[in-house]
Number of protein chains: 4
Amino acid sequence: MKSFASDNWSPVHPVVMDAIINANNQHQAAYGDDDYTKYAQDLFRSIFGADSSTHFVFTGTAANVLAIESISHSFSAVICSEHAHIHVDECGSLEKHSGVKILALPTINGKITPEQIRPIIKSERYPHQSEPAVISITQTTELGTVYTLQEIKILADLAHNNGLFLHVDGARIGNAAAALNCGFKEMLVDTGVDVLSFGGTKAGLMFGEAVVFLKPGLDKHFELYRKQGMQLSSKMRFIAAQFIALLSSDLWRNNAMQANAMAQYLAEGLSKNAEIEITQKVQSNGVWAIIPPLLAEKMQNTQFFYPWDEQKDEYRLMCSWDTTKEEIDRFLDLSKRSNS
Amino acid sequence: MKSFASDNWSPVHPVVMDAIINANNQHQAAYGDDDYTKYAQDLFRSIFGADSSTHFVFTGTAANVLAIESISHSFSAVICSEHAHIHVDECGSLEKHSGVKILALPTINGKITPEQIRPIIKSERYPHQSEPAVISITQTTELGTVYTLQEIKILADLAHNNGLFLHVDGARIGNAAAALNCGFKEMLVDTGVDVLSFGGTKAGLMFGEAVVFLKPGLDKHFELYRKQGMQLSSKMRFIAAQFIALLSSDLWRNNAMQANAMAQYLAEGLSKNAEIEITQKVQSNGVWAIIPPLLAEKMQNTQFFYPWDEQKDEYRLMCSWDTTKEEIDRFLDLSKRSNS
Amino acid sequence: MKSFASDNWSPVHPVVMDAIINANNQHQAAYGDDDYTKYAQDLFRSIFGADSSTHFVFTGTAANVLAIESISHSFSAVICSEHAHIHVDECGSLEKHSGVKILALPTINGKITPEQIRPIIKSERYPHQSEPAVISITQTTELGTVYTLQEIKILADLAHNNGLFLHVDGARIGNAAAALNCGFKEMLVDTGVDVLSFGGTKAGLMFGEAVVFLKPGLDKHFELYRKQGMQLSSKMRFIAAQFIALLSSDLWRNNAMQANAMAQYLAEGLSKNAEIEITQKVQSNGVWAIIPPLLAEKMQNTQFFYPWDEQKDEYRLMCSWDTTKEEIDRFLDLSKRSNS
Amino acid sequence: MKSFASDNWSPVHPVVMDAIINANNQHQAAYGDDDYTKYAQDLFRSIFGADSSTHFVFTGTAANVLAIESISHSFSAVICSEHAHIHVDECGSLEKHSGVKILALPTINGKITPEQIRPIIKSERYPHQSEPAVISITQTTELGTVYTLQEIKILADLAHNNGLFLHVDGARIGNAAAALNCGFKEMLVDTGVDVLSFGGTKAGLMFGEAVVFLKPGLDKHFELYRKQGMQLSSKMRFIAAQFIALLSSDLWRNNAMQANAMAQYLAEGLSKNAEIEITQKVQSNGVWAIIPPLLAEKMQNTQFFYPWDEQKDEYRLMCSWDTTKEEIDRFLDLSKRSNS
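Presented here is a report on the structure given in the accompanying data block. (Residues numbered from 1 in each chain as written. Chains lettered and ligands numbered in written order. Predicted model: local features only at pLDDT ≥ 70, side-chain atom pairs only at ≥ 80, totals over all residues. Heavy atoms only, no water.)

1. A look at the overall build of chain A
Of regular secondary structure, chain A possesses 14 helices and eleven strands. At 20 Å, chain A has a C-alpha radius of gyration in line with the 20 Å of a compact globule built from 340 residues. Across its three principal axes, chain A shows a C-alpha extent of roughly 60 × 55 × 35 Å. The proportion of buried residues among the 340 residues of chain A is 66%. A separation of at least 24 residues holds for 74% of the contacts in chain A among residues at least 6 apart in sequence. Summing over all exposed atoms, chain A offers an accessible surface of approximately 11,500 Å²; the carbon and sulfur share of this is 51%. Treating the 29 positive side-chain charges of chain A as one cloud and the 39 negative ones as another, the clouds have centres 1 Å apart. (Helix = DSSP H or I, 4+ residues; strand = E, 2+ residues; numbered from the N terminus. Rg over C-alpha atoms; globule rule 2.2 N^0.38 Å. Buried < 20%, exposed > 50% of the residue type's maximum accessible area, 1.4 Å probe, protein only. Contact = heavy atoms within 4.5 Å. Areas by Shrake-Rupley, 256 points an atom, 1.4 Å probe, with all protein chains shown as cover. Lys, Arg positive; Asp, Glu negative; His and termini not counted. Charge placed at Lys NZ, Arg CZ, Asp CG, Glu CD.)

Put into structure tokens, the structure is as follows:
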């Protein structure tokens, strides 16, 4: 069975699985004091620069919450898109865990703009309002779009000029780097991002995400927050080994490019059907489309995908590292037939 | 010195102050086990019905937070207006204290509608999204408008039909009852409201607010939440005595009617100035108006009031129980002159 | 009716009540921007030194929680006595609000010692254990005893040498200063205390406590924590005016000396009864005594007081600023008779 | 390299690793809607009875926190041993996440008794004290000892007779069942336990723990707490598959028996050395011993283990499923030599 449900329905990439198997030798110190974790942290440092520091957690929600907790107080406000995963898909985890307020901005394409953020920063009435402390963007966005390097830089400058930090939820950061055809450093360090949630699971890992602090000192309390946040892995070598597999070769980029290319291919195929309307620019590995309900139902029976906005008959189709042209051809072919 | 800054700049009403002085006799049991508190709770019960139960706290923020905490879980979502005090004026207290997520809806006049709320309730994706548990409205709203009894009833029905509760932030609930020319029971019990933050401080008290649960059982854990919430008054008789003074005669209604009438009178006076535009219906004790900045500055020097939306040159002028016609006449007169 | 139940059963001191009445004139800016608050803060500064800064809250629990929150993180541990108010009388407020862990040490007289604290500080296993950040002592203790200046200094040095802070819960700090016959600065600034909860309610106020930071910078975020902590008083002038009355003359010391002297007098009287055993040194305004249950019941009917440790038939009798010799004589007399 | 550091230094059992590899086929629904999770939940139900329900999380800390959160309120108190993992090894996670207070009881062998608990339950002073809601015991304890079935039943009865729940932290629950030579149902269901943290990682898994609710209804909100608690695994099949491997054969019992037997063998060997004093009954897979520091250091260089109580020169040596007789013989032999 294959699906377009989500990139976390796919299996573990075989190279990653081999790395897991190979890490399963003898005893290793627990809680991150093992050789694999040290190696993986060095690898991240070689990618993100000497000022960076990296720590591993289990879930994307945890990466976001613990990253933001490290750079805010309970009286802080976090500014993000109304579609942000931290706002609509984490069951209020950030509010509960860190105590912060989320200020969610309306957006059509998932990207928030300086024009929207500026008045919020200015309007603060001390001490009655939560104090804006973090701008959080998602790259690629929850609508499959991608911030340009220039857009990220402008948001980082806006943040820093006002004493805020810029956080990037990079659950699909590999897809963004592939889409922009750039490196992680270029996209995230050179633009001035402060802290990144680096996604592993959707990139072909079994489990494990990384929090990458890009400025010295920001991770000062992270290990205590992580432990208290129930995210300290005892056999951490198995997260670290996966990231080593992902990042020490072009595996991450190849996986991302395949997923992105397949979304492009899928969108092209779908757009040949006059009944289907693509609603977002296809810039990474997802396709958003308005599909007549009866047609959608038949297509879902062929290869499952989720509705996105039921009021608009809008659906989301996600490609993964393991999506193939053949699979899409078959899907489109059956969809066509099912439509008749 | 008088002002239109806020109804909490005004002093304590002399009848309330007398009640405080009279309560200062000998020893009384601490923490609410005193005679005054019992009497005041009975008085609230006589107003809100036998199914109601009332508890006292210090601040309006605490009343809102502890009321909502009693009817929600940390994974709950609270639906309110983007202007709601719980969203913009309580420094994230609700999120931090209860862990809930606030979903703030855009509104022009401070009132939220069933049409806005319905899709939110429907769209929930278990267990990824916070579970809507409470609709919270403010009466009178933060923009001085007033929900009709019918509007409240429709929101209560919508809440109950979907397993939610309806909370009313009644920091100025007396002004609303005066404006609607109805009783508290008619407005809040007969319409189906579940829990009310009953405002004291802005109605002429020195300090003290009441949380009024209108359905049996909802206050089951309130006393523990209040203690843990740092809101258990040791000499509670002094809050209770004030509420007895406010509610055992027409004091609350007279205070509210005076403040409302003065806002009406002030708005009429202001609207004679062609440069000034009243921006909200004057339904209670506040006036919202766009005023040219230079004029506004001169007026503020005569009798202070706050800007509301600096980008629009909009200001808020609040009347209180102690606002007088003479004071307004003088203010309008000086404003006129200062304008020339 | 009089009682030995608690010093918060007593009324407001008439001088304090007069100050409240006098503050009830015209409008004053809300939320602490009023003249009374500024004056009161200056008064505290004149007592505690130029490096100190003072903020007002409603309850003793809030003073403790917000003071400690200002000098700790959620992963911190707070070391205190097993009898500490923050541990046994605040319904878990500190844990919930700040997220910290409380490490409660056994003690016979309510005072904790460097010998007990040292191994806890040393034993920390990063990042598995909460990080000790605060030593919190109560002065006078919950058992009526008093730390000497030397004892406080040693604890402050221990704290500072290990990167911790020393917090003093001073719900009855006036009684301690009276007992030690010293000034506040001598007891708290010169010994090195970092932050103090300065009690008002038990000293004769209607409501209101002060958080006094004794080192620069420690209150950096206090106003935001206070607002988020639901403790920002809108008509703050009425708290400030009370503290001005208490501290601008010898009122606080006279009140404390009277209460302390009465406890001494009461203990002397009680100890004449061979059936009664005084269990703690009477150093401030409370008497702890083992009393045979039948006798205790009769005494409680004469003038009420609470059991302290029911398993031991131990009771606590608290004196207040308004306790009189005549009242005690009568109580002892009736107790004697009731015993026969 | 082998060690006696902790049972989470050991690798994944090969049978478990095979199960992981076999689960890596094609797409599976995310977030626990996959076939493996359903099968694993059924398997737990077949072991723990039809009234039970099981959910998977990543870490033992999370299992404890989310289990207890499901059966308590923020104003609750949790009663446990001073050695309890939730008290000394989870960095205040329970307090921060759930808001509860922990009441830690002194104990010599890690086991708490009804005699200690009863006065705490009785002494509650509403609403000033946190309300005892949960007794939490660890089986096997943090000192390697094991509660008998009778002891568990008595604690469960005590809990239920007073409206509390009994939680078992079963990070090493397999070792306990092996030690008592009984089944899980006999030990945990028949005795009346309410909720269990079922440990996977220390039993030979790569990652993953289970929360087993043993009474209907207790897991009502668990899935929302888990999501908000950052513990919802997207590729949950890989946790489920491991538990299927562990529990669908005697693997769990064989692993536990081997570890237990090796601890026995190790203790016998150590106790032949007159310088070494075994300090706890060896009832499961750990050995606690006082060892002269110089000797200990040499032994640690042979095969690493941790100090337990440095003030007493006490050390902890943990055996795991992969500990062998040969390894122990070699360790004892080298230790002996190093001692000379």
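Following the structure, the description resumes.
2. Some thoughts on the relation of the copies chain D and chain C
Overlaying chain D on chain C yields an RMSD of 0.0 Å, the required transformation being a rotation through 180° with an accompanying axial translation of 0.0 Å. Here the transformation between the copies is reduced to the relation of a two-fold axis. Using C-alpha coordinates, one finds that chain D approaches the rotation axis most closely at E95(D), a distance of 2.8 Å. A share of 100% of the interface residues of chain D reappears at the interface of chain C, consistent with the copies meeting face to face through the same patch. (Least-squares fit on C-alpha atoms with pLDDT ≥ 70 in both.)

3. Regarding the environment of K281(D)
Residue and element names in this part refer to chain D. Position of K281 among the secondary structure elements: in the loop between β8 (277-278) and β9 (286-290). The class of K281 is exposed, set by a relative accessible area of 62%. Ignoring any residue separated from it by four or fewer positions in sequence, one finds K281 in contact with G144 and T145.

4. Brief notes about the sheet that holds strand β8 (residues 277-278) of chain A
Residue and element names in this part refer to chain A. Ordered in space as β8-β9-β11-β10, the four strands form an open sheet in which the pairing is antiparallel. Each edge of the sheet is formed by a strand with only one pairing partner; in this case those strands are β8 and β10 (306-309). By the bridge criterion, two bridges tie β8 to strand β9 (residues 286-290) in an arrangement that is antiparallel. Looking at the pairing, E277 lines up with I290 of β9. Each of β8, β9 and β11 (314-318) is contacted by helix α12 (residues 251-271), which is oriented at about 20° to β9, the strand it contacts most. (Pairing = 2+ DSSP bridges. Axes fitted to C-alpha atoms, helices over the stretch in contact; angles between N-to-C directions.)

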